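Results of the structural survey
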Amino acid sequence: MSLVGLPETAVKESRDRVRSALICARFELPKGRITVNLAPADLPKDGGRFDLPIALGVLAASGQLPPRALADFEFLGELALTGELRGVDGALPAVLAATRAGRSVVLPVQNGDEAGLAREASVQVASSLLEVCAFLRGEVELERARREPERAAACVAPDLADVRGQPSARRALEIAAAGAHNLLMCGPPGSGKSMLAQRLPGILPLLEETEALEVAAVASAGAGPIDPARWRQPPYRQPHHTASGVALVGGGSHPRPGEISLAHNGVLFLDELPEWDRRVLEVLREPLESGHITISRAARQAEFPARFQLVAAMNPCPCGWAGDPSGRCHCSNEQIARYRSRISGPLLDRIDLQIEVPRVQAAELRPDAPGGESSMAVRERVEAARRVQLERCGLLNARMGSAELLAHCRLQPADQTLLERAMESLQLSARATQRILRVARTIADLANSERIGSAHLAEAIGYRRMDRR
Ligand SMILES: Nc1ncnc2c1ncn2[C@@H]1O[C@H](COP(=O)(O)OP(=O)(O)O)[C@@H](O)[C@H]1O
Ligand SMILES: [Mg+2]
């Protein structure tokens, strides 16, 4: 048996699995030479998903299955030597594509939960080659993939109530959540930056069904199976600062989505931002604006969605204590400048909210000190502010384009002057200025104010701390 059509290793080995599975299932292996042609010829094929279709193709071509029975179906599945089916990667995007093409899908039981998320799809699951063949001969029915009823939206993110003190950081987090703005937190070690970032998904609303399907489809192609019980929760990705460019943005000879795509419609948290390789960070610039990433490899291109909310954290200097009232920082100005210059201007320009997170005071940590507000209370305000935004122009504030900015972010003349003065004194770019307007819009929406007021604008300008230096 020979395979043509650019099979990669896992597909070439399909020969042995298919042969063994056919023999185990007591089918006849046709005598003579078999050529399996994987079309289109110039698209490389990877993975075990072709086993089942190859086996069925051999059976149909040798008259052991009625070929017409195959006509309305797409099959995918890896075969064990015994003919059992095994789950494959990327089942959900395959199911969505088959559904768009108006076809039914048969796939391994292991992929049933995932495939069931696609409500409009017609998907049946099987556990072995024999079962699929019996179905195609009309002898048995296959079970349909069904979506599990969603469990009550128990949020898995930790609760904001755990965070003591830090009122201004909590406020910035709420604004970031409400308008999907990017956020950078700068503060000494142990002040709660990572803690705050991990609590962002808990104050975001659940995803709409179409958004959640996009997330699940990317995860299916890149991160393994998704839990149908919490598939509508926004994703949260926290890659380590040693991650490579490919791990962050995607790639590989068989292009796979990277962290920025796995964070699509959710949160990408980059901790210890200055420790990241600068070249790796620079590739974020384009997807931060466009919301998707195109990966070009030799003959192929793959495009993945990457509309994520960036949250980053950093220490203010190499020792971590610059600006602390204790005066324990001994870094030289030059050291501090060099440390901060690891984050490029263009990247900083794209971060709407830049805040300082100071050390927590001892009194705030006392066991009897009042705890913070819970995530649920904050989420209600975030949801209300988002409803206002979506009703106004169908977009979250961070995603408003120039037209929407003109229409919905008008300032009073005095405020316009304030903004222009800030542009001058902070040397803000046009992009940064637009971002200030978007943040001001979110602050006004949180205050349920139709107009952007002076206080809203002033607060938004105050969030560009790092530009000031
Ligand atoms: N504001 C805070 N309220 C309660 N606990 C805190 C706070 N800040 C820090 N902690 C405690 O310190 C630990 C380390 O905080 P972390 O968020 O990792 O700090 P950072 O990322 O700023 O270095 C947390 O796990 C938590 O137990
Ligand atoms: Mg940390």
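See the structure shown above.
What comes next is a walk through the structure. All values derive from a computational prediction rather than experimental measurement. (Residues numbered from 1 in each chain as written. Chains lettered and ligands numbered in written order. Predicted model: local features only at pLDDT ≥ 70, side-chain atom pairs only at ≥ 80, totals over all residues. Heavy atoms only, no water.)

Think of a pair of aromatic rings as described by two things: how far the centres are apart, and how the planes are tilted against each other in angle. Going through the model one piece at a time under the given rule, you end up with 3 aromatic pairs. Note on Phe73 and Phe75: the rings are 5.9 Å apart at their centroids and 40 degrees apart in plane angle, and the pair reads as tilted. Just as Phe73 is buried, Phe75 falls in that class too. Taking the centre distance of 5.5 Å and the plane angle of 75 degrees together, the rings of Phe73 and Phe135 count as edge-to-face. Residue Phe73 is located in strand β3 (residues 73–75), and its partner Phe135 is located in helix α6 (residues 129–136); the two are separated by 62 residues in the primary sequence. Both residues of the pair, Phe73 and Phe135, belong to the buried class. An aromatic cluster is defined as three or more aromatic residues linked by ring pairs; in this entry it consists of Phe73, Phe75 and Phe135. (Phe/Tyr/Trp six-rings, centres within 6.5 Å; stacked < 30°, edge-to-face > 60°. Buried < 20%, exposed > 50% of the residue type's maximum accessible area, 1.4 Å probe, protein only. Helix = DSSP H or I, 4+ residues; strand = E, 2+ residues; numbered from the N terminus.)

With that settled, consider helix α20 (residues 430–446). Note that an α-helix has 3.6 residues per turn; residues three or four places apart therefore point the same way. The end-to-end C-alpha separation of α20 is 25 Å, in line with the 24 Å expected for 17 residues at 1.5 Å each. In terms of residue burial, α20 counts as a mostly covered element, since 14 of its 17 residues are buried. Measuring from the backbone nitrogen of Arg431 back to the side-chain oxygen at the start of α20 gives 3.3 Å, which picks out Ser429 as the cap. A positive phi of about 55 degrees marks Asn448, the residue just after α20. (Expected span 1.5 Å × (residues − 1). Polar contact = N/O pair within 3.5 Å; in protein donor to acceptor, adjacent residues only side chain to side chain.)

At a minimum axis distance of 9 Å, the contact between helix α7 (residues 167–179) and α20 shows a crossing angle of 100 degrees. Taken together, the axes of α7 and α20 lie roughly perpendicular to each other. For the pair formed by α7 and α20, the contact residues are Arg171, Glu174, Ile175, Ala178 and Gly179 on the first element and Val439, Thr442, Ile443 and Leu446 on the second. Here the residues of the contact of α7 with α20 sort into 5 nonpolar, 2 polar and 2 charged. (Axes fitted to C-alpha atoms, helices over the stretch in contact; angles between N-to-C directions. Parallel < 35°, antiparallel > 145°, perpendicular 65-115°, else oblique. Contact = heavy atoms within 4.5 Å. Nonpolar A, V, L, I, M, F, W, Y, C, P; charged D, E, K, R; others polar.)

So, to be careful, I would describe these as geometric facts and stop short of saying anything about function.
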